[in-house]
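One letter stands for each residue in the lines below.
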Amino acid sequence: MRVTKEFIFAKDRALEKLGNAQFKNEVDQDIISVLNLINKSKEYYTSSSCAGRILLLQIPEIGDKKQAEFLGRWHRTIKTEEVLESIKKSDKGTIWLLAQSPIIHIGAKTNTAADKIVKIANASGFKNSNIKSVGKKPLVEIGSTERLDAPIGEDGTLFCKKEHLDLLVRIANEVIKKSMLKLDRFEQEIKKYLSTGKTTTS
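Residue numbers run consecutively from 1 along every chain, following the written order of its sequence. Given that the model is predicted, a residue must reach a pLDDT of at least 70 before its local features are reported, and side-chain atom pairs must reach 80 or more before they are shown or counted; all residues, however, enter totals for whole chains, interfaces and linings. Note that the side-chain values use all heavy atoms of the structure and ignore hydrogens as well as water.

Things to note about the pairing of strand β6 (residues 130–133)
Next up, step 1: Pairing between strands requires that DSSP locate at least two bridges from one strand to the other. Labels follow the DSSP assignment, with helices taken as runs of H or I lasting at least four residues and strands as runs of E lasting at least two, numbered in each case from the N terminus. Pairing geometry for β6 and strand β7 (residues 139–143), over 3 bridges, is antiparallel. For Asn 130, the partnering residue across the bridge sits in β7 and is Glu 141.
Next up, step 2: Turn length for the β6-β7 hairpin, with the two strands adjacent in sequence and antiparallel, is 5 residues, and the turn residue Gly 135 shows positive phi of about 100°.

Section: the pattern of salt bridges
Next up, step 1: By salt bridge we mean one thing: a side-chain nitrogen of Lys or Arg within 4 Å of a carboxyl oxygen of Asp or Glu. Scanning the model with the defined rule gives 7 salt bridges in all.
Next up, step 2: Among the salt bridges present, the one from Lys 119 reaches Asp 115, with a minimum N-O distance of 3.3 Å. Of this pair, Lys 119 and Asp 115 both sit in helix α4 (residues 111–123), 4 residues apart, which is roughly one turn of the helix.
Next up, step 3: Here the term buried applies to any residue with accessible area under 20% of the maximum for its type, exposed to any over 50%, and partly exposed to those in between, with areas from a 1.4 Å probe on protein chains only. Taking the relative accessible area as the measure of exposure, Lys 119 reaches 47% and is therefore partly exposed.
Next up, step 4: You can call Asp 115 partly exposed: its relative accessible area is 33%.
Next up, step 5: One salt bridge connects Lys 177 with Glu 174, and the closest N-O pair in it is separated by 3.9 Å. Pair noted here: Lys 177 and Glu 174 are both in helix α5 (residues 162–196), with a separation of 3 residues, about one helical turn.

Looking at the sheet that holds strand β9 (residues 157–158)
Strands pair in a sheet through their backbones, by hydrogen bonds, and they do so in one of two ways: parallel or antiparallel.
Next up, step 1: Taken in spatial order, the 5 strands line up as β3-β2-β4-β8-β9 in an open sheet, and their pairing is antiparallel. For this open sheet the edge positions go to β3 (69–74) and β9, each flanked by a neighbour on one side alone.
Next up, step 2: Any two residues whose heavy atoms approach within 4.5 Å at even a single point are treated as in contact. Orientation is described by lines fitted to C-alpha atoms, with helices fitted over the stretch in contact, and by angles between N-to-C directions that extend from 0 to 180 degrees. On top of the sheet, helix α3 (residues 80–87) reaches β2 (53–59), β3, β4 (94–100), β8 (147–154) and β9; it is set at about 160° to β3, its chief contact.

Description of the sheet that holds β7
Next up, step 1: Overall, antiparallel pairing links the 4 strands, which are arranged β1-β5-β7-β6 in an open sheet. If you trace the sheet from one side to the other, it starts and ends with β1 (44–50) and β6, each paired once. The sheet shows a mean angle of 25° between the axes of neighbouring strands, taken without regard to direction.
Next up, step 2: As defined by bridge partners, strand β5 (residues 103–108) adjoins β7 across 5 bridges and the pair is classed as antiparallel. When the bridges of β7 are listed, Ile 103 appears paired with Gly 143.

Notes on the nonpolar core
Next up, step 1: For this analysis, a nonpolar core means a set of buried residues of the types Ala, Val, Leu, Ile, Met, Phe, Trp, Tyr and Cys, connected via side-chain atoms within 4.5 Å. Counting 27 residues, the largest nonpolar core has Ile 31, Tyr 44, Ile 104, Ile 106, Ile 117, Ile 142 and Phe 186 as the members making the most contacts within it.
Next up, step 2: If you list the elements that add at least two residues to this core, you get α1 (2–23), α2 (29–40), β5, α4, β7 and α5.
Next up, step 3: If we skip the residues at most four places from it in the chain, Ile 104 touches Ile 31, Val 34, Leu 35, Thr 46, Ser 48, Ser 49, Val 140, Glu 141, Ile 142, Leu 183 and Phe 186.
Next up, step 4: Grouped together as the second largest cluster of nonpolar side chains are 20 residues, Leu 56, Leu 71, Ile 152 and Ala 172 included.

Structure, rendered in structure tokens:
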């Protein structure tokens, strides 16, 4: 009974935060349907999540996340020209082009439920998914292996040739495209599991 009460409390708090974030338009549109589907289940709820994104960052020093500045942020595929335009905002620091695949944090009611959602995620292509904690508060992190981290300049100056930047942008876009396909498959597998208790992994 205690586990159930703790789960319900945690879920209510997480849904309240999600509702506030949606009201402020702070939730990625491409992931909302997946989050809503998971949150309708009696076994799960979602916390911090991202649908995948491409970032252009200016970082004063390696590891200094607090001082990192977003020069560009896109939850879609992009063009090289958008990166070149965003670089103009840079003044001091190393310029990085990043592409990050989706990440979804899911609270589970039981360890068994946590294990099940990880198996569904893995089968959907999210091979970097795992159980972060077990016991009273099982927590799952859904993730994939595709990503790009490339330094491309410093102090407002681009160091690579345009042909190389074109290549990096193409790779970044591939990360986003694959992310969308995996999210769609993950959503379909969850629908199947919640309605029938079975998936293609069963």
